[in-house]
Amino acid sequence: MKLQTRTTLVFLAATIAVFIAGGLLFHHALREIIDEEATENLLLEKQRILDFAEKTGTPPPSSHIGNDLVVVSVQQPVLEIIKDTTVYSSLEEELLPYRQLTFPVAVENNHYAVTVRKLLIESEDLAEAIWSSLLAIAALLLIVLLPLNYFLSRRLWKPFFSTLDKINTYNLNSHAQPAFDKTGVVEFAQLNASLLKMTDRMRADYQNLKNFSENASHEFQTPLAVILAKTEQLLQEKSLPDEQAKQFHQVFQSATRLSRMVKALLLFTKIENNQFAATENMDLSELLREKLDQFAEMIALGNLKTHYDIHPGVKVSIHPALAEILLSNLLSNAIRHNIPNGEITVHLSETALAVANTGPSLPFDPQLIFQRFTTGKPGADSLGLGLALVKEIAGKNNWTVNYGRKDNSHLFIVYFSPQ
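Here the structure is a predicted model, which means the values were calculated and not measured.

Let us look at helix 4 (residues 242-272). Here helix 4 is 31 residues long and its end C-alpha atoms lie 45 Å apart, about the 45 Å a rise of 1.5 Å per residue gives. Backbone geometry just downstream of helix 4 places Asn274 in the positive-phi region, at approximately 60°.

Below, the structure written as structure tokens:
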């Protein structure tokens, strides 16, 4: 859930809670006021009745209209009681709520129980009207405040989302700092400043690491060339004992493997440094057929069946050297990791290149297949860099590479557009 949505929901929940609590408090306070007013009116009525009895020496007459005043002769003085009750109204034909006060009145040694009542229905109507008004105001405020809060939040958080977009698209190979938008919000300004410092450190560390890798790879080439040359000369010596010849052959294989690895890592560095930035509108169909001709001998040695479906005139924009490397690595991977008498299928269309080869299931997690130095067997002749180069080249050209397994075959698809 987005922070803006969460903030809006929290605001909505808090607003509803505040209105409910405020409404209940207001309703309680209103009831207290209404009850107090009703009680005061009854007490005033009581005082008028007592004054009337004292002046006239007679009890007040009972009221037959609404039974608001009832005078009953009693033997003993009654206790003063005030309470809420209901009285049936023949006019309304229903029970109506009343606040009732009963108190004693003495006139010439005669005792009376006087009951006065005040109709509460007007107070109830007032409370309902006020409560309805409060709910209407709450609904109106929500209708107005929710969109206002949403749009204000979008505007306030705009610098944050702008910063997030720039961080997501930031490339360490770029020599420029990410250009964050200026903002008057102190927290966002502090965030942008911290991110600038962080990207500066990351870019410096990354550049140092790249320089070290490139320089080290270059420096490795000369001693490796010497080792390969000297070892090859020693292997040609006929007087060399078999045991020593075997050991020198192992040295020669290891040096050859290391030389290939250094060249591959140098190629990674060149790709990352955009040394293959220049592109051409190449005929990939023609280049693919040339590569298949070059690998024809390897395919025949493996007794592999081939199925080709190459659409003519497929044009892509890519550096020629990278196109050759991509095709060579995909085809060599399909040949080297195939089974005896297996099959290779190559399909090229305007939108994608698919290369499939028969073979057993991967001995590792398929998600690792494009990572560097991922190989099926430790110590195998493969360096585990070919498919990583395919992934790197595709990424540099905004292509997408997918791997899957279908009908006992490994399937690699290069889409010529992001998927």
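This part covers the environment of Tyr415. Relative to the elements of secondary structure, Tyr415 occurs in strand 11 (residues 409-415). Note: C-alpha distance between Tyr415 and Thr256 (159 residues apart in sequence) is 34 Å. Look past the residues within four positions of Tyr415 in its chain and what remains in contact with it is Thr351, Ala352, Trp399, Thr400 and Asn402.

Orientation of helix 7 (residues 320-336) relative to helix 8 (residues 386-396), taken along the N-to-C sense of each, is 145°, at an axis distance of 9 Å. Here the hand of the crossing between helix 7 and helix 8 comes out left-handed. Seen from helix 7, the contacting residues are Leu322, Ile325, Leu326, Asn329, Leu330 and Asn333; seen from helix 8, they are Gly386, Leu387, Leu389, Val390, Ile393 and Ala394. Broken down by class, the residue content of the contact of helix 7 with helix 8 amounts to 9 nonpolar, 3 polar and no charged.

Once that is clear, we can look at the pairing of strand 4 (residues 110-119). Relative to strand 4, strand 1 (residues 69-74) is paired through 6 bridges, and the arrangement is antiparallel. Note that in strand 4 the partner of Val72 across the bridge is Ala113. Sheet analysis places strand 3 (residues 94-107) next to strand 4, joined by 10 bridges and oriented antiparallel. For Val107, the partnering residue across the bridge sits in strand 4 and is Asn110.

What follows is about the pattern of salt bridges. For the structure on display, the rule yields 6 salt bridges. With a closest N to O distance of 3.8 Å, Lys166 and Asp181 form a salt bridge. Residue Lys166 is located in helix 2 (residues 121-168), and its partner Asp181 is located in the loop between helix 2 and helix 3 (186-235); the two are separated by 15 residues in the primary sequence. Of the residues examined, Lys166 reaches a relative accessible area of 25% and is grouped as partly exposed. Of the charged contacts, one joins Asp200 and Arg203 as a salt bridge, the two residues approaching to 3.1 Å between their closest N and O atoms. Of this pair, Asp200 and Arg203 both sit in helix 3, 3 residues apart, roughly one helical turn.

Looking now at the side chain of His410. Tracing the sequence through the fold places His410 in strand 11. Classification of His410 by relative accessible area gives buried; the value is 6%. A polar atom in the side chain of His410 sits 2.7 Å from the side chain of Tyr403. For His410, the residues in contact, after removing those within four places along its chain, are Val355, Ala356, Asn357, Gly359, Pro360, Ser361, Leu362, Tyr403, Gly404 and Arg405.

Core analysis: the biggest nonpolar cluster contains 46 residues, and Leu288, Leu330, Leu353 and Phe416 have the highest contact counts within it. Per-element accounting of this core gives the leading share, 9 residues, to helix 7. Those residues in contact with Phe416 that lie beyond four places of it in its chain are Leu284, Val314, Val316, Leu348, Ser349, Glu350, Thr351, Ala352, Leu353 and Trp399. Among the nonpolar cores identified, the runner-up in size contains 12 residues, and Ile49, Ala53, Val107 and Tyr112 belong to it.

A few words on the packing of aromatic side chains. Under the counting rule described, the total for this entry stands at 5 aromatic pairs. Measuring from ring centre to ring centre gives 6.1 Å for Phe370 and Phe412, while their planes differ by 80°; the resulting arrangement is edge-to-face. Here Phe370 is found in the loop between strand 9 (352-358) and helix 8, whereas its partner Phe412 is found in strand 11, with 42 residues between them in sequence. Relative accessible area serves as the criterion here: at 15%, Phe370 is assigned to the buried category. Residue classification places Phe412 among the buried residues on the basis of a relative accessible area of 4%. Feature note: the residues Phe160, Phe161 and Phe188 constitute an aromatic cluster, connected by ring pairs. Its guanidinium or amino end placed over the ring of Phe370, Lys391 lies 5.3 Å from that ring's centre, counting from NZ or CZ.

Quick notes on the rules
Residues numbered from 1 in each chain as written. Predicted model: local features only at pLDDT ≥ 70, side-chain atom pairs only at ≥ 80, totals over all residues. Heavy atoms only, no water. Helix = DSSP H or I, 4+ residues; strand = E, 2+ residues; numbered from the N terminus. Expected span 1.5 Å × (residues − 1). Contact = heavy atoms within 4.5 Å. Axes fitted to C-alpha atoms, helices over the stretch in contact; angles between N-to-C directions. Left-handed = near helix turned anticlockwise from the far one by under 90°. Nonpolar A, V, L, I, M, F, W, Y, C, P; charged D, E, K, R; others polar. Pairing = 2+ DSSP bridges. Salt bridge = Lys/Arg side-chain N within 4 Å of Asp/Glu carboxyl O. Buried < 20%, exposed > 50% of the residue type's maximum accessible area, 1.4 Å probe, protein only. Polar contact = N/O pair within 3.5 Å; in protein donor to acceptor, adjacent residues only side chain to side chain. Core = buried A, V, L, I, M, F, W, Y, C linked by side-chain atoms within 4.5 Å. Phe/Tyr/Trp six-rings, centres within 6.5 Å; stacked < 30°, edge-to-face > 60°. Lys NZ or Arg CZ within 6 Å of the ring centre and 35° of its normal.

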